[in-house]
Amino acid sequence: MTVALETVSTGAPTTVSGLLSDTYRQLVQVCPALTVRMADPASDFTRTGLSGAELTKNQEALEAFLSAEDSRIRERYDHVPRRDVAASRALHDYAWSVGLLMSGVWYLTGRVPRVRPEDVRIELSSGTFEITPGPDLACLPDDSAGVLPGVLTVPHEEALRAELRVAVADHMEPLLSAIGPYIRRGPRALWGLVTDDLVSGIWYLGRMLGREPESVRAATALLPSAVAPFPGGADFRHLTGGDGRQHPTRTRMGCCLYYTIRPAEACATCPRTCDAERLRRIES
């Protein structure tokens, strides 16, 4: 599954945060849709935006986050969204971006970082995320990163996948509790959205690397079926194109409500998008 495994050697980072900084830079380089920048320690006292922790603890901060998304939708699409739509879109962007900061490291290096809500900041005007690499990492016993302080070694690949599922769930649970009343959907639908974004982030990364089949297998191994609190598995299936080629697709469990903004342009994995339309987009 691992695409490129970094090693701890002479000249290599000697802390978990340094190791993660290098991997995050690689991740951003290959993922143009991931609008994340690295935190500058020198700017601790002049940072703008809101942290993920503030969103879960401060109602005014959360409402500012949602208002910023509302403004972006109005400007980008010339559309006035419902309040629950703006909240769903904001959650979708957060879950996809933060999920990929964890799953992308796992996919690239076979390591799982813990991203705490306080490690993430969002610039409200642009929607850009900022990440402060943390000190905690899980890896396999034969990984040379295991000698670094703050690294947990786990016995096998499934234990590492379990660490990733727990890391994502622990990060997202407080935000789902805070944002749920604005979205007006229950826990299953909210966790369904998180599931979708976790899977789609890995799938996207694989496409960017030219390794789509491998990423589909990795996402399926991570979520072969429902694993609490994730209400379902990756559930990929394949469509056959006009030339006989097989193309992976899946149907989302938790809706991001984009179709309410652009009804004719529902997401490719939306339940509203039929297989014929999915194939048309893939082959066009």
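Residues numbered from 1 in each chain as written. Predicted model: local features only at pLDDT ≥ 70, side-chain atom pairs only at ≥ 80, totals over all residues. Heavy atoms only, no water.

**Considerations on the packing of helix 6 (residues 187–208) against helix 7 (residues 212–222)**
(1) Moving on: Relative to each other, helix 6 and helix 7 sit at 160 degrees, their axes nearing to 7 Å. Of the possible angle classes, the one that applies to helix 6 and helix 7 is roughly antiparallel. Seen along the crossing, helix 6 lies across helix 7 with a hand that is right-handed. Where helix 6 approaches helix 7, its residues Leu198, Val199, Ile202, Trp203, Gly206 and Arg207 are matched on the opposing element by Glu212, Ser215, Val216, Ala218, Ala219 and Leu222.
(2) Moving on: Residue composition of the contact of helix 6 with helix 7, grouped by class: 8 nonpolar, 2 polar and 2 charged. (Axes fitted to C-alpha atoms, helices over the stretch in contact; angles between N-to-C directions. Helix = DSSP H or I, 4+ residues; strand = E, 2+ residues; numbered from the N terminus. Parallel < 35°, antiparallel > 145°, perpendicular 65-115°, else oblique. Left-handed = near helix turned anticlockwise from the far one by under 90°. Contact = heavy atoms within 4.5 Å. Nonpolar A, V, L, I, M, F, W, Y, C, P; charged D, E, K, R; others polar.)

**Remarks on the sheet that holds strand 3 (residues 112–113)**
(1) Moving on: Read across the open sheet, the 3 strands follow the order 3-6-7; overall the sheet is mixed. Edge positions in the sheet fall to strand 3 and strand 7 (151–153), since each of these pairs with one other strand and no more.
(2) Moving on: As paired elements, strand 6 (residues 137–139) and strand 7 share 3 bridges and run parallel to each other. Pairing of cysteine 139 across the sheet is with threonine 153, part of strand 7. (Pairing = 2+ DSSP bridges.)

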